[in-house]
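# Remarks on the overall topology
Each chain, written out:
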Amino acid sequence: MLSIGTLAKKAGLASSAIRYYEKAGLLPRAERRNGQRVYDADDLLRISLIVKARKLGWSIGELRRAGALAMPAFATPALAKNELARKRAALKLERDHIDARLSAIDGLKDCACASLDACGHLRA
Ligand SMILES: [Zn+2]
């Protein structure tokens, strides 16, 4: 059995993050002993997966929707591959949108128009 402090240390998180993940529905309600949350190895695995997924760009909402509680999305290498491919495509699309905005901003570099309203550089 692990205390929240030990679990947090092993996962590289603050205890408050673990309480937050529980509140947000990413973790099952932890068992309490004498009013203190206690965890086991499965909880550590689940939290490690959440930490990895967060680093790869999954939001709390996405993890909740993907059923992070049971972690079905990452339960097997095949499913994980599927999820990773989906996330990669979404990030690529996001990058394309950002690139388009960067280009639009770069296009305004030499703008000397009186106002953005009147700017011909904005009409792509
Ligand atoms: Zn202009």
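See above for the structure.
So, here's what we can say about the structure.

Calculation notes
Residues numbered from 1 in each chain as written. Predicted model: local features only at pLDDT ≥ 70, side-chain atom pairs only at ≥ 80, totals over all residues. Helix = DSSP H or I, 4+ residues; strand = E, 2+ residues; numbered from the N terminus. Buried ≥ 20, exposed ≤ 12 C-beta atoms within 10 Å, placed from the backbone. Contact = placed C-beta atoms within 7 Å. Arc of directions from axis to C-beta. Pairing = 2+ DSSP bridges. Axes fitted to C-alpha atoms, helices over the stretch in contact; angles between N-to-C directions. Parallel < 35°, antiparallel > 145°, perpendicular 65-115°, else oblique. Left-handed = near helix turned anticlockwise from the far one by under 90°. Nonpolar A, V, L, I, M, F, W, Y, C, P; charged D, E, K, R; others polar.

Per the secondary structure count, the protein chain includes 5 helices and 3 strands. Considering the protein chain as a whole, with its 124 residues, one finds that 15% of them fall into the buried category. Taking contacts inside the protein chain between residues at least 6 apart in sequence as the whole, the part at least 24 apart equals 52%.

We now examine helix 1 (residues 4-11). Along helix 1, the residues that are buried comprise Ile4, Leu7 and Ala11. The buried residues of helix 1 occupy an angular sector of 65 degrees when the element is viewed end-on, so they sit on one face. Positive backbone phi, at 70 degrees, marks Gly12, one or two positions downstream of helix 1.

With that settled, consider the pairing of strand 3 (residues 36-39). Across the two faces of strand 3 the burial differs, with Arg37 and Tyr39 buried and Gln36 and Val38 not buried at all. With 2 bridges joining them, strand 1 (residues 2-3) and strand 3 adopt antiparallel strand pairing. The residue bridging Ser3 from the neighbouring strand is Val38, located in strand 3.

The phi dihedral of Asn34 falls on the positive side, at around 55 degrees, and the residue is not glycine. Here Asn34 shows up in the loop between strand 2 (31-33) and strand 3.

This part takes up the packing of helix 1 against helix 3 (residues 41-55). As a packed pair, helix 1 and helix 3 sit with axes 10 Å apart at the nearest point and diverge in direction by 40 degrees. Here helix 1 lies oblique to helix 3, going by the angle between them. Relative to helix 3, helix 1 is oriented so that their crossing is right-handed. Of the residues in helix 3, those touching helix 1 at Leu7, Lys10 and Ala11 are Asp43, Leu44, Ile47, Ser48 and Val51. For the contact of helix 1 with helix 3, the residue count by class is 5 nonpolar, 1 polar and 2 charged.

All right, on to the sheet that holds strand 2 then. Taken in spatial order, the 3 strands of this open sheet run 1-3-2, and their pairing is antiparallel. A single partner strand is all that each edge strand has here, and the edge strands are strand 1 and strand 2.

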